[in-house]
Structures are given as C-alpha cells and as structure tokens.
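# Reading the structure
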Amino acid sequence: MNELKNYMEDLVDIHLNKLLEEYKDVCKCNRCILDIKAMALNNLKPRYGVTQRGNLFIRIDESTNESNVKIISEIIKAIEKVSKNPHGGDE
Ligand SMILES: [Zn+2]
C-alpha cells in the first residue's frame, strides 16, 4: 500500500526540534508546537512524494541549503509569533 506524504512536515519537525533547544522560554505544550508547525508549513511549499506504508526509510530530497534557510526562517517567525500569543490566545 502506497501513500502520499508531505516531506516538508518531516523537515519542519527536524528543524523545529533543533531550534526549540535554543528557545528555552518558548512554551512547548502540544498546542503551541502544533501552532508553530501549522504556521511554518502554511508559508512553505509542500513537497509531496509517494511512500510505502510501513517503510521507515524516507527519501528526503535535501536539495539546497537555500531551502533549509527558508524553512528555518519560517520556523523562527512562527516561534516568535506563538511565543507572543501562546496556547491559541484567547480562543
Ligand atoms: Zn503552550
């Protein structure tokens, strides 16, 4: 069984985990982490690929450093926004 996967989600996960080690004051509750991811992913181009279910090996196109810089800068923007308005704000 094959399925469609947005590899950008994995890339954002990887970079977010590294960045959060440096942002010690940012809330890391489930809601805030998801808000950060959603915000960053909305500003990044999705990268869909077909993957085999159960296959843990994911071929990630590391392409260019430029896209990593873009991913990191979008995550940092999202972290800063969420840290000013944590847990979804006044909803
Ligand atoms: Zn929170």
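If you're wondering where the values come from, they're calculated on a predicted model, not measured in any experiment. (Residues numbered from 1 in each chain as written. Predicted model: local features only at pLDDT ≥ 70, side-chain atom pairs only at ≥ 80, totals over all residues. Heavy atoms only, no water.)

Let us now look at the packing of helix 1 (residues 7-22) against helix 2 (residues 30-42). Look at helix 1 against helix 2: their axes get within 11 Å of each other, and the N-to-C directions meet at 125°. Judged on the interaxial angle alone, helix 2 and helix 1 are oblique. Of the two possible hands of crossing, helix 1 and helix 2 adopt the one that is right-handed. Facing helix 1, whose interface residues are M8, E9, V12, D13, L16 and L20, helix 2 presents I33, I36, K37 and L41. (Axes fitted to C-alpha atoms, helices over the stretch in contact; angles between N-to-C directions. Helix = DSSP H or I, 4+ residues; strand = E, 2+ residues; numbered from the N terminus. Parallel < 35°, antiparallel > 145°, perpendicular 65-115°, else oblique. Left-handed = near helix turned anticlockwise from the far one by under 90°. Contact = heavy atoms within 4.5 Å.)

When you line up the elements, V82 lands in helix 3 (residues 65-84). A residue is classified by how much of its surface remains accessible, and V82, at 4% relative accessible area, is buried. Through-space distance from the C-alpha of V82 to that of I33 is 8.8 Å; in sequence the pair is 49 residues apart. Look past the residues within four positions of V82 in its chain and what remains in contact with it is C32, D35, I36 and M39. (Buried < 20%, exposed > 50% of the residue type's maximum accessible area, 1.4 Å probe, protein only.)

A few words now on the coordination of the zinc ion. Looking at the metal site, the zinc ion is ligated by C27 (SG), C29 (SG), C32 (SG) and H87 (ND1), spaced 2.0 to 2.3 Å from it. Coordination at the zinc ion is tetrahedral, judged from the four donor atoms that bind it and the angles of 102 to 121° they form at the metal. One chain supplies every donor to the zinc ion, and in sequence these donors are spaced C-x1-C-x2-C-x54-H. One end of the pair, C27, is in the loop between helix 1 and helix 2; the other, H87, is in the segment after helix 3, and 60 residues separate them in sequence. On the accessibility criterion, C27 (27% relative accessible area) is partly exposed. (Donors = N, O, S within 2.8 Å, 3.2 Å for Na, K, Ca; no water. Tetrahedral: all angles 85-135°; square planar, octahedral: opposite > 155°, others 65-115°.)

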